[in-house]
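Reading the structure
Spelled out, the chains give:
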Protein chains: 2
Amino acid sequence: MAELDFVDALKAIANNPAARGLEDDAAVVEIGGETLVLTHDTLVQGVHVREDEDPADIAWKLVAVNLSDLAAKGAEPVGVLVSHMLGTGDDRFVAGLREVLDEYSTPLLGGDTVRADGRRVWGCTAIGRATHTPVPDRRGARSGEAIYVTGALGRAMLGISDRDSGSVNDLAYRRPRPLLTVGHKLVPHVGAMMDVSDGLLLDCWRMARASGLGFALESEAIPVADRDRFDECIRWGDDYQLLFTAPVSAELPVPAARIGMVEGAQPFLSLDGRILDPKDGLGYRH
Amino acid sequence: MAELDFVDALKAIANNPAARGLEDDAAVVEIGGETLVLTHDTLVQGVHVREDEDPADIAWKLVAVNLSDLAAKGAEPVGVLVSHMLGTGDDRFVAGLREVLDEYSTPLLGGDTVRADGRRVWGCTAIGRATHTPVPDRRGARSGEAIYVTGALGRAMLGISDRDSGSVNDLAYRRPRPLLTVGHKLVPHVGAMMDVSDGLLLDCWRMARASGLGFALESEAIPVADRDRFDECIRWGDDYQLLFTAPVSAELPVPAARIGMVEGAQPFLSLDGRILDPKDGLGYRH
C-alpha cells in the first residue's frame, strides 16, 4: 500500500471534516468557543535527522517543525506533547528541548518515553490556538492572487555540509526557526498558506493541487541561498519558510518575495512558463 | 540517564502546571471555557506489541490505550492524531483503525506517516473533553478512602498464550476496551483515578506515591482472571481496568471490587499487611 493510498484510506474512514489534518499539515477543531490547531510530526533517526545528530538539535527540530505547522495557520502555541525514545544523550535532548520551549514560550504539557533498541524515533504533538478564522490551509488559493515566500530557500541544504560551524546555513539546518510571529501577522491577508518543509516546488504543487489551480513561478523572483545551486535549493526541504498566496493589492505586514501568480482553472505547476511534471522529483517525500 | 531522571529533567523545564502530564497519563489544559485532556502513547514493535502482531490489532491497541487514558479522566474523546510507520499490512492497519474509531465514535483528526526500515513505531495523541472538574489524577487519594478496581486483572496476560482464539483473554490482549462510559460515570465520585496499564501493584504504588499516602491491599479481594497465577495477574499490564479511590460511603454507579484502604501519612504499598518494596518488580516498566 503506497503512502498516498494509505492517506486516502485514512481519509475514507475519518468521520469528521477536521480530518483535513490528514492531507494538510494540521487539524482544526472548534471547541468551547476557540479554534484549536493540532499537528503531529515524527522524526526518525537516519531519515529526518542524521545518524549522529546531537540530541539537543533533534529536540529543537522536533518541536520547531511542529510549531512551524502552527505558524502556517497563524496559530499561537498552547503547548506540546513529546514522545522520546530513551538512549544516548538524553541529557542533551533535555537541554535542546528546554532551549526551544523557552525560545517560543511554549509549555511542555506531557508526553511519553519508550525504551527499545534499533533506530530511534521521536514524536511531537503541538496544540495551538487560532488567532484568525477561517484558519488558512493549502486549499485557499484563488485565481489572480500572487504567490509569495517569506525568505531564502536552500539554507538548510547548504547547512548539511557546513556542519557545526554556527554559520547561518548550519543553524538553518540544525535549529530551524518556526515563523510564528510572521504567520500571525500574515494570516488575515492570505488565501492559502503552508510551510515549506519538503521543498518549494513540491509544496507549491501540493498547494496548486489542493486549490485546483495553476501555480506559475518565475525563477528569477525566487530567493535562494545559492543561485549556483538554484535547482537544488528549490527542491530541498527543511527550510520552514512560509509559502502563501494573497491578492496582488494586499499590503503585506512582513517582507516576502513575490515568486509567481495563481492562474487557470486546473492544477499545474510551471517554472518560467514550462509545465513541470509532478513525477519528476519536485522535492523531498517522506 | 535513567527514565525517571529523564522525566524529572523534563518536569524541571516544563514551564506550566499542565506539565503533570509528564508523570500522570494525561495533560489537562483549560481553553475557551472547556477543560481539555491530552494524552500521547507510543507503541514499539516487539516491545509493546508482538513482532508479528496483526496490524489491525496494533491500530486498535494504539487508539484504545490512549482512549483508556481519557477514560481515567472521565473525559469524552474529541479525536485522535495517528502517526504510522508505513510497512507490511498497512491495509490491515487501516481496517483496525476504522474498527476502533467506529466503536468509540472517535474522529480521526490527522496524523503523520513516515517511512523507515527497522523496528516499527506508532504514535497516537488523543484529545478529550473533561465531563467533570477538577479532572482526577493519581494524586487525589485521601486517607480513609477505599481502593477499587473495575474488573479482573490478568486477562491480557493469559491472552498471550491464547493467541487468535477469540477467547475473552485473547480479546483482552489484542482488543483492549477503554472504559470510557465507566470512567464518565465514576468521575464525580472518585478521589484519585488512573487506568491499570502496567500492572495493579505498580500502578497502586504510583498512586500511593503521588498521593503521599499508604495503599493497603487485601489479596482475597483483588479480582483476577486466574487465581493460580495470582502473583502474575497483579503484576502484568495491559488490562486497562480503572483503579480509583472513593469514600467508603460512596454509592458507586458501576460495579467495582473494593481491594483495600488508603491509610497513613506517607507513601507505602502493602499486601495483606506486608509492606512491598518498590524495587521488587511490582509490574511492567516501559
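Residues numbered from 1 in each chain as written. Chains lettered and ligands numbered in written order. Predicted model: local features only at pLDDT ≥ 70, side-chain atom pairs only at ≥ 80, totals over all residues. Heavy atoms only, no water.

Let us look at the overall build of chain A. Secondary structure summary: chain A contains eight helices and 12 strands in total. If you line up chain A on its principal axes, its C-alpha atoms span 50 × 50 × 40 Å. Each charge class in chain A can be summarised by its mean position, and for the 29 positive and 44 negative side chains these summaries are 1 Å apart. (Helix = DSSP H or I, 4+ residues; strand = E, 2+ residues; numbered from the N terminus. Lys, Arg positive; Asp, Glu negative; His and termini not counted. Charge placed at Lys NZ, Arg CZ, Asp CG, Glu CD.)

Moving on: empty space enclosed by the protein. Counted by the stated rule, this structure contains two cavities of 30 Å³ or more. In this structure, the largest cavity occupies an estimated 80 Å³ of space. Around the largest cavity, the lining is made up of 13 residues, and of these Thr42, Val121 and Gly123 of chain A together with Thr42 and Val121 of chain B lie nearest the centre. Mapped onto the lining of the largest cavity, the elements with two or more residues apiece are strand 2 (34-44) and strand 5 (121-130) of chain A together with strand 2 (34-44) and strand 5 (121-130) of chain B. Taken together, the residues of the lining of the largest cavity sort by class into five nonpolar, eight polar and no charged. (1 Å grid on protein atoms, 1.4 Å probe; cavity = no way out; pocket = protein on both sides within 12 Å on 5 of 7 lines; lining within 4 Å. Points joined across faces, edges and corners; volume = space filled by probe spheres on them. Nonpolar A, V, L, I, M, F, W, Y, C, P; charged D, E, K, R; others polar.)

All names here are of chain A. Burial along strand 8 (residues 214-217) is two-sided: Gly214 and Ala216 facing one way and Phe215 and Leu217 facing the other are all buried. Pairing of strand 8 with strand 10 (residues 257-263) involves four bridges; the strand directions are antiparallel. Along strand 10, the bridge assignment pairs Gly214 with Glu263. Where strand 8 and strand 11 (residues 268-271) come together, four bridges link them in parallel fashion. Looking across to strand 11, one finds that Leu217 is bridged to Leu271. (Buried < 20%, exposed > 50% of the residue type's maximum accessible area, 1.4 Å probe, protein only. Pairing = 2+ DSSP bridges.)

On to the sheet that holds strand 12 (residues 274-275) of chain A, then. Residue and element names in this part refer to chain A. If you walk across this open sheet you meet the seven strands as 7-9-6-10-8-11-12, and the pairing is mixed. Every interior strand has two partners, whereas the edge strands, strand 7 (193-195) and strand 12, have only one. Of the pairings in the sheet, the one linking strand 11 to strand 12 comprises two bridges and is antiparallel in character. Residue pairing for strand 12: Leu271 is matched across the bridge by Arg274.

A few words on helix 2 (residues 55-71) of chain B. Residue and element names in this part refer to chain B. Given a rise of 1.5 Å per residue, 17 residues ought to cover 24 Å, and the 24 Å separating the end C-alpha atoms of helix 2 matches this to within 8%. By the criterion of burial, helix 2 is predominantly enclosed, with 17 of the 17 residues buried. With a side-chain oxygen positioned 2.9 Å from the backbone nitrogen of Ala56, the residue opening helix 2 is Asp54. (Expected span 1.5 Å × (residues − 1). Polar contact = N/O pair within 3.5 Å; in protein donor to acceptor, adjacent residues only side chain to side chain.)

Further remarks concern the packing of helix 2 (residues 55-71) of chain A against helix 3 (residues 90-103) of chain A. When two helices pack together, their arrangement is given by the angle between their axes and by how far apart the axes lie. Residue and element names in this part refer to chain A. It is at 6 Å that the axes of helix 2 and helix 3 come closest, and there the two elements cross at 35°. Once helix 2 is placed against helix 3, the crossing between them reads as right-handed. Here Pro55, Ala56, Ile58, Ala59, Trp60, Leu62, Val63 and Ala64 of helix 2 come into contact with helix 3, specifically with Arg92, Phe93, Gly96, Leu97, Glu99, Val100, Leu101 and Glu103. Looking at side-chain class alone, the contact of helix 2 with helix 3 contains 12 nonpolar, one polar and three charged residues. (Axes fitted to C-alpha atoms, helices over the stretch in contact; angles between N-to-C directions. Left-handed = near helix turned anticlockwise from the far one by under 90°. Contact = heavy atoms within 4.5 Å.)

We now examine the domain arrangement of chain A. All names here are of chain A. In terms of domains, chain A is made up of domain 1 (3-130) and domain 2 (146-275). One C-alpha centre belongs to domain 1, the other to domain 2; they are set 21 Å apart. Counting residues at the interface gives 26 residues for domain 1, matched by 19 residues for domain 2. Between domain 1 and domain 2, the buried area comes to about 2100 Å², and carbon and sulfur atoms account for 47% of it. Inspection of the domain 1/domain 2 interface yields six salt bridges. Linking Arg175 and Asp57 is a salt bridge whose minimum nitrogen-to-oxygen distance equals 2.7 Å. For the pair domain 1 and domain 2, the interface holds 10 residue pairs in polar contact (both at pLDDT 80 or more). Secondary-structure elements contributing two or more residues to the side of domain 1 that touches domain 2 are helix 2, strand 3 (75-85) and helix 3. A per-element tally of the side of domain 1 that touches domain 2 places helix 2 first, with 11 residues. The residue makeup of the side of domain 1 that touches domain 2, split by class, is 12 nonpolar, three polar and 11 charged. (Domains from an automatic or database assignment. Buried area = accessible area lost by both parts, 1.4 Å probe. Salt bridge = Lys/Arg side-chain N within 4 Å of Asp/Glu carboxyl O.)

Quick look at the UniProt feature "binding site: Mg(2+) 5" (unreviewed entry) in chain A now. All names here are of chain A. Under the present numbering, the feature "binding site: Mg(2+) 5" (unreviewed entry) in UniProt falls on Asp198. Structurally, Asp198 is set in the loop between strand 7 and helix 7 (200-211). For Asp198, a relative accessible area of 7% puts it in the buried group. (UniProt positions renumbered as here; feature names shortened; annotations may be inferred.)

In this section: the UniProt feature "binding site: Mg(2+) 2" (unreviewed entry) in chain A. In the UniProt entry, the feature "binding site: Mg(2+) 2" (unreviewed entry) is given for Asp41 and Asp69 of chain A. Annotated residues spanning 29 residues; largest pairwise C-alpha distance 9.4 Å, indicating a single compact cluster. Tracing the sequence through the fold places Asp41 of chain A in strand 2. Residues contacting Asp41 of chain A, with those up to four places away along its chain left out, are Leu62, Val65, Asn66, Asp69, Trp122, Gly123 and Cys124 of chain A together with Asp112 of chain B. In this fold, Asp69 of chain A is placed in helix 2. What makes Asp69 of chain A buried here is its relative accessible area of 5%.

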